[in-house]
Amino acid sequence: MTAQAIVVFDIDGVVRDVGGSYRRAIADTVEYFTNAAYRPTPLDIDQLKSEGVWNNDWEASQELIYRYFESQGKTREQQKLDYNSIVAFFQARYRGPDPHNFTGYICDEPLLLSSEYLQQLTQANIAWGFFSGATRGSANFILEKRLGLHSPVLIAMEDAPGKPDPTGLFATVEKLENEPSNITVIYVGDTVADMYTVTKARELQPHRPWVGVGVLPPHVQETAARAQAYSETLQKAGAAIVVSNVEELNPVKIAELLL
């Protein structure tokens, strides 16, 4: 049976709350490599992410470090930052020092959706999978160990170029389709880069309807003004609708998006 729609989920900020994990690790990393002179706030990180090209948190950390030193009148060339050292420090905070036994911030990430929600989609003949800039190990930890999913369709950091390049989105859809079709694909994400990915997918594969759905990550919902501003940013980037929790995108809401 052909699915009535395909829903592809980003993971960070959509499936799991990374405010106290990935974003905390960014702040720790920037603070360490600026010799404790600068620790970016959640708003600082959001502003960087709103540029739409900093989906990779290792690269985002490096960029924030560079920008801090530039604000102090120093050039990037003077810094001689070692990217591999930045990645190693970040991973030790986020994942923990042992790559085979996670003990870091990743262990405390609240889940933002349930396996029961995904079952509702399946029962409504809606295919679903995941395309994320997270590493495969990190993504599978949340999907398989925490959510209990069995070999879900996943395209992770190692499998495709970073967003907003839509290659990984196309690969996810290909895995979810029994045969090529023109059914609608909904991509659910929490960043400008996620919405830009949908826009680029539409440009490259115009024969198929592509819909971007924005999700407000928990850390922006602390005040109504911040949530409103973030929602407007996602809509300007191409989101058809913005929801405060991914489970609001239920079969009824999906059916409305297909009209």
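Residues numbered from 1 in each chain as written. Predicted model: local features only at pLDDT ≥ 70, side-chain atom pairs only at ≥ 80, totals over all residues. Heavy atoms only, no water.

**With respect to the sheet that holds strand β6 (residues 241-243)**
Argument step 1. The six strands are arranged β3-β2-β1-β4-β5-β6 in an open sheet whose pairing can be described as parallel. Two strands lie at the open edges of the sheet, namely β3 (154-155) and β6, each paired on one side alone.
Argument step 2. Strand direction decides the pairing type here: strand β4 (residues 185-189) and strand β5 (residues 210-215), joined by five bridges, are parallel. Counterpart to V185 in the pairing with β5 is W210.
Argument step 3. Against the sheet, helix α6 (residues 115-123) makes contact with β1 (5-9) and β2 (126-131), and its axis sits at roughly 135° relative to β2, the strand it touches most. (Pairing = 2+ DSSP bridges. Helix = DSSP H or I, 4+ residues; strand = E, 2+ residues; numbered from the N terminus. Contact = heavy atoms within 4.5 Å. Axes fitted to C-alpha atoms, helices over the stretch in contact; angles between N-to-C directions.)

**Re the environment of A201**
Argument step 1. Looking at the secondary structure, you find A201 in helix α9 (residues 192-204).
Argument step 2. Sequence separation between A201 and Q4 is 197 residues, and the spatial gap between their C-alpha atoms is 19 Å.
Argument step 3. Residue contacts for A201: discarding those within four places in its chain leaves P166, L169, F170 and W210.

**Points about helix α8 (residues 167-176)**
Argument step 1. The set of residues buried in α8 consists of G168, L169, F170, T172, V173 and L176.
Argument step 2. Elements in contact with the buried residues of α8: β1, β2, β3, β4, α9 and β5. (Buried < 20%, exposed > 50% of the residue type's maximum accessible area, 1.4 Å probe, protein only.)

**Some thoughts on the layout of surface pockets**
Argument step 1. Reported here for the second largest pocket is a volume of approximately 220 Å³.
Argument step 2. Looking at the second largest pocket, it is lined by 13 residues, and the ones nearest its centre are D46, Q47, S50, Y230 and T233.
Argument step 3. Sorting the residues of the lining of the second largest pocket by element identifies α2 (42-49) and α10 (224-236) as the ones contributing at least two each.
Argument step 4. Considering each element in turn, the lining of the second largest pocket owes the most residues, five residues, to α10.
Argument step 5. Here the residues of the lining of the second largest pocket sort into five nonpolar, four polar and four charged. (1 Å grid on protein atoms, 1.4 Å probe; cavity = no way out; pocket = protein on both sides within 12 Å on 5 of 7 lines; lining within 4 Å. Points joined across faces, edges and corners; volume = space filled by probe spheres on them. Nonpolar A, V, L, I, M, F, W, Y, C, P; charged D, E, K, R; others polar.)

**As for unusual backbone geometry**
Argument step 1. With an omega of 15°, the peptide bond between K163 and P164 qualifies as cis.
Argument step 2. Looking at the secondary structure, you find P164 in the loop between β3 and α8.
Argument step 3. With a phi angle near 65°, A36 is a residue other than glycine that sits in the positive phi range.
Argument step 4. Relative to the helices and strands, A36 is located in the loop between α1 (22-33) and α2.
Argument step 5. Although it is not a glycine, S151 adopts a positive phi angle of roughly 50°.
Argument step 6. For S151, the position within the fold is in the loop between α7 (136-146) and β3.
Argument step 7. Here S151 falls in the exposed class, since its relative accessible area comes to 54%.

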